[in-house]
Each structure stands twice: as C-alpha cells, then as structure tokens.
Amino acid sequence: MLDYLRIIILMAVSTALINNMIFHYFVGLCPFIGVSRRVDMAFGMGMAVMFVVTVAASLSWTVTYYITSPGAPLSQAIYNLVYPGSTTLVDLSILNYVVYIFLIASAVQLVEMYVRKFFPPLYKAFGVFLPLITTNCLILFVCLEVAKHIGPEVARDALWRLDHTMIYAITAGLGFTIAIVIMAGIREELDHADVPRALRGPGITLVITGILALAFMGLLGMDRKLADLFAKPAENTATRLVASPDAAGQPNPAARAANQDAK
Amino acid sequence: MANALPTVGQRFTNGLFSENPTFRQILGICPTLAVTYSVASALTMAGAVTFVLVCSAILISQIRHLLKPHLRILVFTLTIAVFVTIADRLVAAFLYDMSKQLGPYIPLIIVNCIIIARCEICFSKQGLVPAIGDALGQAGGHTLGLLAIASTREILGKGTWGGMSVLGDSWPAWGVLAAAPGAFLTLGLLLALVNHLTDKQAKPMWPFGALFNLLGRKRQVAPVREK
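Residues numbered from 1 in each chain as written. Chains lettered and ligands numbered in written order. Predicted model: local features only at pLDDT ≥ 70, side-chain atom pairs only at ≥ 80, totals over all residues. Heavy atoms only, no water.

### Focus on the overall build of chain B
Formally: Secondary structure elements follow DSSP: runs of H or I of four or more residues count as helices, runs of E of two or more count as strands, with numbering from the N terminus. Residue burial is assigned from relative accessible area. The probe radius is 1.4 Å, only protein chains are included, and a residue is buried under 20% of its type maximum, exposed over 50%, and partly exposed in between. Working rule for contacts: check all heavy atoms of both residues, and any pair within 4.5 Å makes them a contact.
Looking only at helices and strands, chain B has 10 helices and 2 strands in total. Ordered by position from N to C terminus, the α and β elements of chain B give α-α-α-α-α-α-α-β-β-α-α-α. Across the 227 residues of chain B, 48% fall into the buried class. Within chain B, contacts between residues separated by at least 24 positions form 70% of all contacts whose residues are at least 6 apart in sequence.

Following this line, the structure appears as structure tokens:
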C-alpha cells in the first residue's frame, strides 16, 4: 500500500511539475494561448482536459493492451484460431494513430453526451471547451506515451497497468491545469499593463510562458531526489541525521561515496 | 463566397507571407516549438508536414463532393492520421536516428491545426490545382517559420547552424535558448519582430524601426495631438 503511494507521488511530481505538459513537452499550447484570458475559464478548460484525457487514456490503454500492441492477447488468439499452428507474432501497431484519433473523437462525444444528460450544470460550465478538446495535442500525446509503455520490448517492471495509466493521465491533466491557471492569473493582471504594440496578444503570452518555463526548470532533478528518498527510507534518515555538512545534499549513500571519490 | 475564392497563385503566396501559419495564424505551434532546437530536426519536421499537407490536399479535394457536413472533421482527421502513419514509417525507415529524436512529435502532426484548418478552408472547397498550390504555400510558410526559429535557437544556443560552426568556439553558448524556455522566448520575440516590421502604423524606415525600438529611442509621432 505504502509502495503504491510512493508510485503515485513520484508520478505526480514528475508528470505534473517537472515534465509539465506545457513547459517541458510543448503540448496543448493551442488552448493554453487561446483560453487563458480569465481564471475561471482557464480552470474550466483544465478540468475538462483532465476529465477527457483520463477517459481517453484508459480507453487507449485497453485497446493497445488487448488488440494493437505486438502479440496482444485478443488479436493473437483470433489469429491462432484462424491459422492454427502458426507461430507468427501479430503486430497491429501500425493502426495505433488512426485508432487513437478515433478513440479520442468518440471519447469526447461520449463524455459530452453523458455530461449533458446527467450533470447539466457541469455541462454548462464546460461550455464550448468539450468539443474543442478533440484536437488538443495533449490527449494524443498521453495516448502515445501509454503505447510506449506497453508491448513485448518494454521491461517487465516498467510495464504500465491500467491504474498507472490513469495516474499518469490525471497528473498530466493536473499539470496542464496548473500551467493554464497560472498563465490566466498573469494575463488578467496584464490587461492593466502597457504592452508594446508589436508584442500584444500571443507575443507577450509566449514570452511570459518562456519565463515561467525557466522557473519550472528549477524543479529538475526533484523526482530523482524523491526516488532516492523513497528507496531506502530507514538508511536515509540515518544518513541525514549523521551526515556531515558537505554531504547533506546527497542523501543516497552511493552518490555520496561517488562524490567523495571525485574529490 | 463562391466567386471570391482565391486562385492558385494567391493561395500560394498567401501561405508564404500574409497567411503564414507560424507568424500570422499562429497555428500548430506545439511541434513548431518542440523540434526547433536544431535545424536538422526542424527540416525533418517540415518535410513530414509538407508530405502530409500535399497528400491530404490531393485526397480531400478529390472527395470533397462526397463529404457530409457533420462528418467532415472526422473524415479530415482520419485521412490525416493515415498519411501521418505513412510519413512516420518513412522517417523511421530512412532517418532512424531522427525519428528516435523527434519521438512523439511526428504522430502529433495529426492534431496539427494547420492541416485541419487548410482542409476546412481550402481543400474541401476548391479543386485539385488550387488545393495543391495552397498546400505547397502553407508548407513553404511553415518551413520558413520553422527555419527562422531553429536558426535563431541553434546559432545563439550552440553557435552552430545545421551542425556547422558559425560563431566559433569562443561563443558562450546560450544554453537556455536550446532548452525548453528558449523556444517560447524565441517565438515570442520573433513574432513581435514580424508584427513590428509589417505594422502599417509604425512608419519610420521599416528595416530600422525595430532597431530603434530595441535601443529604446522614442519613435517620432506626428504632432497632431499636442496642439
């Protein structure tokens, strides 16, 4: 249980903060620039993206795992039923992109209908954002990341299960929400500023995003430190308690030894 | 509307300049920012986008009479997805290292707004020849935009252009321009430069107007209000 919590925390920190979808991977920029004028709208967009990306990533995990990845159980079983005794490995991964885009489009449609029927206030809050999400790069990017972690060439302990996929998707949406809400807050203040004519609109937004990305770069390496911290908690506390001042930055004993060698 | 559709030549030049996808329409900037850390990867990306644009121009303009209004976006996206799969496999076959470097950004061409926008605006309304002219113009404009950003970032960030040394070894590489924040800063500032140079109201000496602004000198304004 505690182990699971560690996975969640590590994944959340690394996906939402360090490898932030906007500031590190540059995906989802169209809504980031288009819908970041007001904080409430930005928050609505972030929530809608988080919702859809979770649904779409779960769907695409299911399809990839059971049908399109090389040697997937379902397609392999059907192939063996048709050609008994054959040893060919069925690989449908060439269909991945078409399947994902189809899944995303239908997921958005489904979510839209479901929300309209059962949660009318939520539907009103999401407004036009829901249909817009179909062409959001972030959703497709998350689906592609999921596909990268499924298949025979992935190491057994690095294989993503459905729950890992959902954690990844939720934290990716969370990172997007954080970025777009920060941006909207800044842009609301920017309305009162005297921006040079040429920079008005997307120009100043991009420059501010660059500065924000610089700030987020400061978090680099945080996930590794956390992983070290989680790896050997008991030893770690001991190390930290007795550590000499110059080794305080490196809780991992191996790293500290390497550092001393280097000196 | 029907008589006002631009001709081939107009479509082509519009795509290159007045409707430039990167600097004028600001479309498809996700891959634009992600691949411009070096000129080589930017050119690969531009080649893939050109291939997909031209192929979908040919196909969509041929089937434009069969499209149903409520299904057309889906048809566009699926068509683009098929061509992107082909482009992805081609890059993986002939430029394996580059395809490893670009990673997910080639499949992300599917949701690149440029192509869907062109399908909607031009390919589904005009015949084969204007569609291809439009595709080539937009692809050329996109390539120009990518090259401008990638050149700036690579020359200032690493001192090289396409792997060749430009600024020499003594150049203190501005690492931040080659990293993620540099992409945003470069695009933002280049956008401002283009806006300023093409601004009709900022009159004085268009090549030097931007320099004057950078140097902080006040531009001369016609003294009408001061009376």
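### A word on the environment of Leu66 of chain B
Residues and elements named next belong to chain B. Tracing the backbone shows Leu66 in the loop between helix H3 (39–62) and helix H4 (72–94). Relative accessible area serves as the criterion here: at 64%, Leu66 is assigned to the exposed category. Separated by 24 residues in sequence, Leu66 and Leu90 have C-alpha atoms that sit 30 Å apart.

### Some details on the packing of aromatic side chains
The line we're drawing: Put simply, two rings from Phe, Tyr or Trp (the six-membered ring, in Trp's case) pair if the centres are within 6.5 Å, and we call them stacked under 30 degrees between planes, edge-to-face over 60, tilted for the rest. Two conditions define a charge located above a ring, namely a distance within 6 Å from the ring centre to NZ of Lys or CZ of Arg, and an angle within 35 degrees of the ring normal.
Counted according to the given criterion, the structure contains 13 aromatic pairs over all chains. Measuring from ring centre to ring centre gives 5.1 Å for Tyr65 of chain A and Tyr66 of chain A, while their planes differ by 80°; the resulting arrangement is edge-to-face. Of the residues examined, Tyr65 of chain A reaches a relative accessible area of 28% and is grouped as partly exposed. When its relative accessible area of 37% is taken as the criterion, Tyr66 of chain A is described as partly exposed. With a centroid separation of 6.4 Å and an interplanar angle of 35°, the aromatic rings of Phe141 of chain A and Tyr105 of chain B are classed as tilted. Here Phe141 of chain A, found in helix H8 (residues 137–148), pairs with Tyr105 of chain B, found in the loop between helix H5 (96–102) and helix H6 (113–123), and the two come from separate chains. Of the two residues, Phe141 of chain A and Tyr105 of chain B, both sit in the buried class. Joined through ring pairs, the aromatic side chains of Phe23, Phe32 and Phe216 of chain A make up one cluster. Above the face of the Phe118 of chain A ring, Lys117 of chain A is positioned so that its terminal group lies 5.9 Å from the ring centre.

### Description of the domain arrangement of chain B
Residue and element names in this part refer to chain B. Keep this limit in mind: Domain start and stop points were drawn from an automatic or database domain assignment. The buried area of a pairing is the accessible area, by a 1.4 Å probe, that goes missing from both parts when the two are put together, added over both. Here, a salt bridge means any side-chain nitrogen of Lys or Arg that lies within 4 Å of a carboxyl oxygen of Asp or Glu.
When its domains are assigned, chain B resolves into domain 1 (2–165) and domain 2 (178–215). In this structure, domain 1 and domain 2 have C-alpha centres spaced 24 Å apart. Taken together, the contact between domain 1 and domain 2 spans 13 residues of the former and 12 residues of the latter. Overall, the association of domain 1 and domain 2 removes approximately 1,100 Å² of surface from exposure, summing both partners, and the carbon and sulfur fraction of that is 74%. In terms of surface lost to domain 2, no three residues of domain 1 exceed Phe23, Leu33 and Arg153, which account for 52% of the buried area on that side. Summed over the shared surface of domain 1 and domain 2, the number is 0 salt bridges.

### Comments concerning the layout of surface pockets
For clarity, the threshold we go by: Each cavity reported here is a set of points on a 1 Å grid over the protein atoms alone in which a 1.4 Å probe fits but cannot get out, each pocket an open set with protein on both sides within 12 Å along at least five of seven lines, and each lining residue one with an atom within 4 Å of a point. Grid points are joined across faces, edges and corners, and a volume is the space filled by probe spheres set on the points. For this scheme, ten residues count as nonpolar: Ala, Val, Leu, Ile, Met, Phe, Trp, Tyr, Cys and Pro. Four count as charged, namely Asp, Glu, Lys and Arg, and the remainder, Gly too, count as polar.
Its volume calculated, the largest pocket comes out at about 790 Å³. Elements with a contribution of two residues or more to the lining of the largest pocket: helix H3 (39–68), helix H5 (96–118) and H8 of chain A together with H4 and H5 of chain B. Counted as a void, the second largest pocket has a volume near 680 Å³. Lining the second largest pocket are 27 residues, with Pro131, Leu132, Thr134 and Thr135 of chain A together with Ile73 of chain B sitting closest to its centre. When residues of the lining of the second largest pocket are traced back to their parent elements, those giving at least two are helix H2 (29–34), H5 and helix H7 (129–132) of chain A together with H4 and H6 of chain B. Broken down by element, the lining of the second largest pocket gets its largest block of residues, 7 residues, from H5 of chain A. Of the residues contributing to the lining of the second largest pocket, the split by class is 17 nonpolar, 8 polar and 2 charged.

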